[in-house]
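Each chain, letter by letter, is given below.
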Amino acid sequence: MKSTNHRKYHKQTIKQDAYIPTAIERIKFLVGEYPERKNEIIEKMPKNYSMIQPQLIENLIESVLVPMYLKKGELLKDGLERFDIELNVLKNGRLIPFEICRPERFIIKNKKKEEEAR
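Residues numbered from 1 in each chain as written. Predicted model: local features only at pLDDT ≥ 70, side-chain atom pairs only at ≥ 80, totals over all residues. Heavy atoms only, no water.

A.B. asks: Residues and numbers for the nonpolar core, please.
C.D. replies: In terms of nonpolar packing, the biggest core is built from seven residues, these being Y19, A23, I27, L30, V31, I41 and M45. Among the elements that take part in this core, helix α1 (residues 16-33) stands out by supplying five residues, more than any other. If we skip the residues at most four places from it in the chain, L30 touches I41 and M45. (Core = buried A, V, L, I, M, F, W, Y, C linked by side-chain atoms within 4.5 Å. Buried < 20%, exposed > 50% of the residue type's maximum accessible area, 1.4 Å probe, protein only. Helix = DSSP H or I, 4+ residues; strand = E, 2+ residues; numbered from the N terminus. Contact = heavy atoms within 4.5 Å.)

Here you go:
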């Protein structure tokens, strides 16, 4: 993978009328996770779809995906078979990672909730 070859895999761009339901679903999810930030979430969700700049994708691949892929062996040794990285993109294009999400964490969290409910 190279940061500049992502364009050949581009399949489609979402249209505005398809964006709205996805934005609503995202808002519902975020409000469910962070109910105390409901107003902030609604206020900050973009009303209109805007296409991501290709250079931002290249930066994401070069700065995040390639380094993580190169560490795949180490991560597997540490038991991280699958994880997600969440990050914010600043107006100047800077990437700010803020969470590495391990799905196992949510499984454990949900089991604890179920046990507490009993």
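A.B. asks: Which residues make up the packing of aromatic side chains, and what values do they have?
C.D. replies: Throughout the structure, instances matching the rule amount to one aromatic pair. It is R37 that lies over the ring of Y34; its NZ or CZ is 5.9 Å from the centre. (Phe/Tyr/Trp six-rings, centres within 6.5 Å; stacked < 30°, edge-to-face > 60°. Lys NZ or Arg CZ within 6 Å of the ring centre and 35° of its normal.)

A.B. asks: A description of the pattern of salt bridges should follow, citing residues and the corresponding values.
C.D. replies: Enumeration according to the criterion identifies three salt bridges in this entry. Here E25 ties to K28 by a salt bridge, and the two come within 3.6 Å at their closest N and O atoms. Pair noted here: E25 and K28 are both in helix α1, with a separation of three residues, about one helical turn. Classification of E25 by relative accessible area gives partly exposed; the value is 48%. The partner of K44 in a salt bridge is E40, and the shortest N-O contact between them spans 3.6 Å. Of the two residues, K44 and E40 both sit in helix α2 (residues 38-44), four residues apart, roughly one turn of that helix. Classification of K44 by relative accessible area gives exposed; the value is 57%. A residue is classified by how much of its surface remains accessible, and E40, at 31% relative accessible area, is partly exposed. It is possible to trace a salt-bridge network through shared partners that takes in R37, E40 and K44. (Salt bridge = Lys/Arg side-chain N within 4 Å of Asp/Glu carboxyl O.)

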